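Each chain, written out:
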Amino acid sequence: MDRKEKTENSFSQNLKVGWFLASRDLRHANIWTTTLIVFVMTLTFLNLIIVSGILIGLIQGSEDAQKKYAIGDIVISPFLNRSVIEQTPKISEIIKTVPGYKNHTIRFTGAARVESNYRDTIRPGDKRDGVGAALLGISPAGEEKFSGISKFIIRGNYLEETDQDSVLIGKNLLYEFTPIEAPGFQTLKNIEVGQRVKVKADNISKEYFIKGIVSSKVDEFDTSVIALDSEVRKLTGRSDLNAGTIAIQLLPGSDPILARNFLLRNGVGSYARVQTAEEAFPKFLKDIKATFGILGSAISGIGLVVASITIFIVIFVNAITRRRYIGILKGIGINQKAILFSYIYQAFFYAALGIILGMILIFFLIKPYFAVHPINFPFSDGILVATVPSAMLRAWILLATTIIAGYIPARIVIRQNTLNAILGR
Amino acid sequence: MLEIRNLTKKFKSGDETIVAVNDLSFSVPAGQFLTITGKSGSGKSTLLYQLGLLDMPTAGEVIINGQNLVSLPEEERTKIRLNDLGYIFQDYAILPSLTALENTMLPLLMQGYNFKGAERQAKKALAKVGLTDRENNLPGELSGGQQQRVSIARAIAHDPKIIFADEPTANLDTETSGQVMQAFLELNKEGQTIIMVTHEAQYANLSDRTILLVDGHIVSDTMNK
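Residues numbered from 1 in each chain as written. Chains lettered and ligands numbered in written order. Predicted model: local features only at pLDDT ≥ 70, side-chain atom pairs only at ≥ 80, totals over all residues.

Thoughts on the overall build of chain B
Phase 1 of the analysis: Across its full length, chain B holds 7 helices and 10 strands.
Phase 2 of the analysis: For 225 residues, the compact-globule estimate of 2.2 N^0.38 gives 17 Å, and chain B sits close to it at 17 Å.
Phase 3 of the analysis: Its C-alpha atoms put chain B at 50 × 40 × 35 Å along the principal axes.
Phase 4 of the analysis: For chain B, the residues scored as buried account for 50% of the 225 residues in total. (Helix = DSSP H or I, 4+ residues; strand = E, 2+ residues; numbered from the N terminus. Rg over C-alpha atoms; globule rule 2.2 N^0.38 Å. Buried ≥ 20, exposed ≤ 12 C-beta atoms within 10 Å, placed from the backbone.)

Regarding the interface of chain A and chain B
Phase 1 of the analysis: Listed by partner, the interface residues are 25 residues for chain A and 23 residues for chain B.
Phase 2 of the analysis: Of all the secondary-structure elements, those providing two or more residues to the side of chain A that touches chain B are α1 (10-27), α10 (323-331) and α13 (418-423) of chain A.
Phase 3 of the analysis: Considering each element in turn, the side of chain A that touches chain B owes the most residues, 6 residues, to α1(A). (Contact = placed C-beta atoms within 7 Å.)

Let's talk about the UniProt feature "domain: ABC transporter" (unreviewed entry) in chain B
Phase 1 of the analysis: In the UniProt entry, the feature "domain: ABC transporter" (unreviewed entry) is given for residues 2-223 of chain B.
Phase 2 of the analysis: A distance of 17 Å separates the end C-alpha atoms of residues 2-223 of chain B, which is 35% helix and 30% strand. (UniProt positions renumbered as here; feature names shortened; annotations may be inferred.)

Structural notes on the environment of Thr276(A)
Residue and element names in this part refer to chain A.
Phase 1 of the analysis: For Thr 276, the location among the structural elements is in strand β10 (residues 273-276).
Phase 2 of the analysis: Judged by the 22 C-beta atoms lying within 10 Å of it, Thr 276 is buried.
Phase 3 of the analysis: Once the C-alpha coordinates of Thr 276 and Val 75 are considered, the two residues, 201 residues apart in sequence, prove to be 6.2 Å apart.
Phase 4 of the analysis: Apart from residues lying up to four places away in sequence, Thr 276 is in contact with Asp 73, Ile 74, Pro 256, Ile 257 and Arg 260.

A few points about the nonpolar core
For soluble globular proteins, nonpolar side chains are generally found buried alongside one another.
Phase 1 of the analysis: Among the nonpolar cores identified, the biggest contains 123 residues, and Leu109(B), Ala153(B), Phe164(B) and Ile195(B) are the most heavily contacted of them.
Phase 2 of the analysis: Considering every element that reaches this core, the biggest residue donor is helix α11 (residues 336-372) of chain A, with 14 residues.
Phase 3 of the analysis: Residues in contact with Leu109(B), not counting those within four places in the same chain, are Lys16(A), Val17(A), Phe20(A) and Ala118(B).
Phase 4 of the analysis: Counting 60 residues, the second-largest nonpolar core is a separate cluster that includes Ile191(A), Ile248(A), Leu250(A) and Ala259(A). (Core = buried A, V, L, I, M, F, W, Y, C linked by C-beta atoms within 7 Å.)

Notes on the sheet that holds strand β5 (residues 67-68) of chain B
All names here are of chain B.
Phase 1 of the analysis: Across the sheet, which stays open at both edges, the 4 strands sit in the order β2-β1-β4-β5 with antiparallel pairing between neighbours. Only two strands of the sheet have a single neighbouring strand rather than two, namely β2 (16-28) and β5.
Phase 2 of the analysis: With 9 bridges connecting them, strand β1 (residues 2-13) and β2 associate as antiparallel partners. Residue pairing in the sheet places Phe 11 in a bridge with Ile 18 of β2. (Pairing = 2+ DSSP bridges.)

A closer look at unusual backbone geometry
All names here are of chain B.
Phase 1 of the analysis: Phi at Asn 6 is positive, roughly 50°, even though this residue is not glycine.
Phase 2 of the analysis: By secondary structure assignment, the location of Asn 6 is in strand β1.
Phase 3 of the analysis: Of the residues examined, Asn 6 has 12 C-beta atoms within 10 Å and is grouped as exposed.

Some thoughts on the sheet that holds strand β6 (residues 85-88) of chain B
Residue and element names in this part refer to chain B.
Phase 1 of the analysis: Overall, mixed pairing links the 6 strands, which are arranged β6-β7-β8-β3-β9-β10 in an open sheet. Taken across any chain shown, the strands that pair with only one partner, and hence form the sheet edges, are β6 and β10 (217-223). Each adjacent strand pair in this sheet contributes to an overall mean axis angle of 15°, direction not counted.
Phase 2 of the analysis: In this sheet, strand β7 (residues 162-166) lies alongside β6 in parallel orientation, the contact comprising 4 bridges. Counted as the bridge partner of Gly 86 is Ile 163 from β7. (Axes fitted to C-alpha atoms, helices over the stretch in contact; angles between N-to-C directions.)

Brief notes about helix α2 (residues 31-71) of chain A
Phase 1 of the analysis: Roughly 30° is the biggest bend found in α2(A), and it falls at Gly57(A).
Phase 2 of the analysis: In the stretch just after α2(A), Gly72(A) is the one whose phi turns positive, near 65°. (Bend = angle between axes of the 7 residues up to and from the residue.)

Following this line, the structure appears as structure tokens:
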């Protein structure tokens, strides 16, 4: 039996005939017109993903760098009313037993003033060329293993274990890299590697040679004077081994919350604050990330409107120029819904093809490219944040918008009088 | 089969009202080949559009198989056009992006035939009008006569109760027109009801019956055979 039940299958018949008409129309459509429409849809989809992806990636890049080089997956820091982590050596031993433990670094911290022209004679009342800086004491080998900090030395060399008389200086402390002269904020002028500076912390001061300049886009390094841990302990007058920060890296796939809870269960929480990286990120970073996400969505929304208008115009022009064609279809008894479906299929085809091409470009070209070649923003290496679920969500939004944009003009034309359409009047 | 009662169609043209079809009543029995003739502007095409449910009359009834179809909603009229009626237009009105076979298959698919069934039925119709060898050609690749035969194949493929033809030979040369008329006569011989509008007397004379219209009125209704 060739013929199916008519009434029961009318919806599927409309779908089937709509598809039949759409597939033939698409097959015989002008290849350049189709290419142009699909190109617009691809660009729209890329716009939907990339604008917000780059804006969020700007902050994400900063967070990732912070996590990778500065605070790791778990960070232990002093309680807010303390300056050091009590029982650091004991905690260090516990850390090594954390599930998924990979590595950790212990940093000694303090505040210092760095002066560069302290040997020059200045006029009475003049201030010396100096800058307030964070003091960061590291074990050169341990820190190198943890963060690979030596790759951030843009001039000079990295510290060695015997460099008691040398420091590294972060680029944000230097006028050459941070040319700001705001009231209350000063940077050091005319600083060269090999030059001597005076570092004053509490009441102790000592001269150091500048061994290298650090530029990492990680504030912990770029705003610090970095010296051997033993030197920082001396400058801050500490005779114990209690540190300012302990950063812990976990093996890939390990759960930071599990690791944090392990540390808390083992009593580390009695001596210091234990936080995952996510918890430790400053709130303003999270706020900026959310703000950029909203901003990106708003900008992408404009792209979405442009795509909708494009599809509307394409379908409207198509339907208007084929008004007679539509009239004939109606005249020979083709259901209006079937004709409508044929236009919806066409809009769907353009959007789906644009989305597929966009997905391929994003996940196989653009995202991997930015992962290897991050965008060099002043304060972070920006990456493209694009996940499959978020891309799918945007794909659905684009698809739905396109279908609506295709439906409206087709409906306007299809509802016109059949005979007038056939006779072209 | 088909009956019209007091059928009237008026148009507004500026302030003027034109009565294109003026209070016509007649019936067409099953299997009859009726031609409607008249000069340009006599209302013959307008009458055909009312009979074929392509337009709504201002007044009167169009009754097919005992049912007045004028008052039906558009959705129902579309269904009747699909299932019971076939159309052949002066300029063929076949769809340019579909091949001869696909054009012929279209109403069958809409009726609920599956693809294979529609294809089989459409091929039969194309064979009937002698277009088996051109079934995969697009309209642009066919001559005017061949395109009109595709139009006939599409009109007959779903086995309609009545075929409406609006000046089907107007755009064709004499030889091709003869072939098209031959196709109509053969269909009619098989029992097909045909209502054709033409202004060419030699083709009207080939039909069973001819109605002559002048200014929307029937001035003669003649049996030719």
